[in-house]
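Architecture at a glance
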Amino acid sequence: AQRVTQPEKLLSVFKGAPVELKCNYSYSGSPELFWYVQYSRQRLQLLLRHISRESIKGFTADLNKGETSFHLKKPFAQEEDSAMYYCALSVGFQKLVFGTGTRFLVSP
Amino acid sequence: NAGVTQTPKFRILKIGQSMTLQCTQDMNHNYMYWYRQDPGMGLKLIYYSVGAGITDKGEVPNGYNVSRSTTEDFPLRLELAAPSQTSVYFCASSYPGRHNQPQHFGDGTRLSIL
């Protein structure tokens, strides 16, 4: 079965705190994973993808096939990071299987 | 460059009415998708298309129909609206690549069935 699990519906931290948004997946094939973000009043957009192995806006995510995880991390949260974050698994024909999302709030 | 454009942004329908949600993209993407998002849930795939004239069902296709006569347009049709179809609908597109390419999303259509 193809499934993406984001266990935290809401994560709230103070500015400057480290960030980890959790994502676990279940997939029998070779996984390709993405993090999408939706800022207030904006459309859903790509944040990063594991194949690129890059850091975007200070965020990184490493695919751990042993733990079937793709957690999103950032050393120091900023207020502008407040948004809805979705982890997604790409399957055949680039279809996406989404997690339920984590609302991430950064307080000053 | 508008990307993916969805119309309308909001709509209220009565039970049993029909309507078409419009989606168009100007990026010459072969792949297009329709998702729905219910409160507290992730997006679920309704239908997708890999090119003009080719469509296939996703996870939750019941109650919907699609067509793909051009590369640019991918309308979603609700024939007999039901309260269970109250949701936010997202259209997306992507370009096929050696590795799975990211999808580009529209702003969404918020649909209420009363």
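You'll find the structure just up there.
Counting from 1, residues in each chain are numbered in the order their sequence is written. Working convention: letters from A go to chains and numbers from 1 go to ligands, in the order in which they are written. Given that the model is predicted, a residue must reach a pLDDT of at least 70 before its local features are reported, and side-chain atom pairs must reach 80 or more before they are shown or counted; all residues, however, enter totals for whole chains, interfaces and linings. The side-chain values count all of the structure's non-hydrogen atoms but skip hydrogen atoms and water molecules.

**Considering the overall build of chain A**
Helix and strand assignments follow DSSP, with helices taken as H or I runs no shorter than four residues and strands as E runs no shorter than two, numbered in order from the N terminus. On a plain count of helices and strands, chain A comes out with 0 helices and 11 strands. When the helices and strands of chain A are listed from N to C terminus, the series reads β-β-β-β-β-β-β-β-β-β-β. Computation of the radius of gyration draws on C-alpha atoms alone. For the globule rule, the value is 2.2 Å times the number of residues to the power 0.38. The C-alpha radius of gyration of chain A comes to 13 Å, within 12% of the 13 Å expected for a compact globule of 108 residues. Overall, the C-alpha framework of chain A stretches about 40 × 30 × 25 Å when taken along its three principal axes. Exposure is judged per residue with a 1.4 Å probe applied to protein chains only, and the accessible area is read against the type maximum: over 50% gives exposed, under 20% gives buried, and values in between give partly exposed. Looking at the 108 residues of chain A, the share that counts as buried comes to 47%. Counting contacts in chain A only where the partners sit at least 6 residues apart, residues at least 24 apart contribute 58% of the total. What sets the accessible areas is the Shrake-Rupley method with a 1.4 Å probe; for residues, cover comes only from the shown protein chains. Carbon and sulfur atoms form 50% of the exposed surface of chain A, whose accessible area is close to 5500 Å². Only four residue types enter the tally: Lys and Arg on the positive side, Asp and Glu on the negative side, with His and both chain ends excluded. Note on charges: their place is set at NZ of Lys, CZ of Arg, CG of Asp or CD of Glu. Taking the average location of the 14 positive side-chain charges in chain A and that of its 9 negative ones, the two points are 6 Å from each other. Residues count as neighbours in contact if any of their non-hydrogen atoms are within 4.5 Å of one another.

**Things to note about the side chain of Glu8 of chain A**
All names here are of chain A. Along the chain, Glu8 turns up in the loop between strand S1 (3-5) and strand S2 (10-14). The salt bridge criterion pairs a side-chain nitrogen of Lys or Arg with a carboxyl oxygen of Asp or Glu, the two atoms within 4 Å. For the buried Glu8, no salt bridge is present, and the opposite-charge side chain at shortest range is Lys22, 4.2 Å distant. Separated by 3.3 Å, the side chain of Glu8 and the backbone nitrogen of Lys22 make a polar contact. The residues contacting Glu8, other than those within four sequence positions of it, are Glu20, Leu21, Lys22, Gly101 and Thr102. In protein, a polar contact means a hydrogen-donor-capable atom and an acceptor-capable atom, both N or O and within 3.5 Å, with residues adjacent in sequence counting only if both atoms are side-chain atoms; elsewhere, any N or O pair within 3.5 Å suffices.

**Section: the packing of aromatic side chains**
Residues and elements named next belong to chain B. Two rings from Phe, Tyr or Trp (for Trp, the six-membered ring) form a pair when their centres sit within 6.5 Å of each other. Planes less than 30 degrees apart are called stacked, planes more than 60 degrees apart edge-to-face, and all others tilted. Applying the stated rule across the entire model yields 13 aromatic pairs over all chains. On the numbers, 5.9 Å between centres and 40 degrees between planes, the contact of Tyr35 with Phe105 is tilted. Taken together, the residues Tyr35 in strand S4 (residues 31-37) and Phe105 in strand S10 (residues 104-105) connect sequence positions 70 residues apart. In this structure Tyr35 comes out as buried when scored by relative accessible area, which is 0%. When its relative accessible area of 2% is taken as the criterion, Phe105 is described as buried. A ring pair is formed by Tyr64 and Tyr89, whose centres lie 5.9 Å apart and whose planes are at 65 degrees; its orientation type is edge-to-face. Here Tyr64 is found in strand S7 (residues 64-66), whereas its partner Tyr89 is found in strand S9 (residues 87-94), with 25 residues between them in sequence. Side by side, Tyr64 and Tyr89 carry an identical accessibility label, which is buried.

**A word on the sheet that holds strand S7 (residues 60-61) of chain A**
Residues and elements named next belong to chain A. Should DSSP find at least two bridges between two strands, the strands are regarded as paired. What the 3 strands build is an open sheet, ordered S3-S8-S7; its pairing is antiparallel. On the outer flanks of this sheet lie strand S3 (19-21) and S7, each paired with one strand and no other. By the bridge criterion, 2 bridges tie S7 to strand S8 (residues 72-74) in an arrangement that is antiparallel. Residue pairing across strands places Ala61 opposite Leu72, the latter belonging to S8.

**Quick look at the state of the cysteines**
Residue and element names in this part refer to chain A. For the purposes of this analysis, a disulfide is any pair of cysteine sulfur atoms at a distance within 2.5 Å. One pass over the full model with this rule turns up 2 disulfides over all chains. The residue that forms a disulfide with Cys23 is Cys87, at a sulfur-sulfur distance of 2.0 Å. Disulfide Cys23 to Cys87: torsion about the S-S bond roughly -65 degrees, handedness left-handed. Pair noted here: Cys23 is in the loop between S3 and strand S4 (24-26) and Cys87 is in strand S9 (residues 83-90), with a separation of 64 residues, a long-range link. Of the residues examined, Cys23 reaches a relative accessible area of 0% and is grouped as buried. The buried category is assigned to Cys87, whose relative accessible area is 0%.

**What to know about the pattern of salt bridges**
Applying the stated criterion across every chain yields a total of 8 salt bridges over all chains. Across the pair Lys9 of chain B and Asp107 of chain B runs a salt bridge, and its minimum N-O distance is 3.7 Å. On the criterion of sequence distance, the pair formed by Lys9 of chain B in the loop between strand S1 (4-7) and strand S2 (10-13) and Asp107 of chain B in the loop between S10 and strand S11 (109-113) is long-range, its members being 98 residues apart. Looking at Lys9 of chain B, the relative accessible area reads 47%, which means it is partly exposed. Close ionic contact of Lys44 of chain B with Glu59 of chain B constitutes a salt bridge, the shortest N to O distance being 3.8 Å. Linking Lys44 of chain B in strand S5 (residues 43-51) with Glu59 of chain B in the loop between strand S6 (54-57) and S7, this pair joins segments that are 15 residues apart in sequence. For Lys44 of chain B, a relative accessible area of 28% puts it in the partly exposed group. Glu59 of chain B gets classed as exposed once you look at its relative accessible area, which sits at 55%. Linked by salt bridges that have partners in common, Glu20, Lys22 and Lys73 of chain A make up one network.

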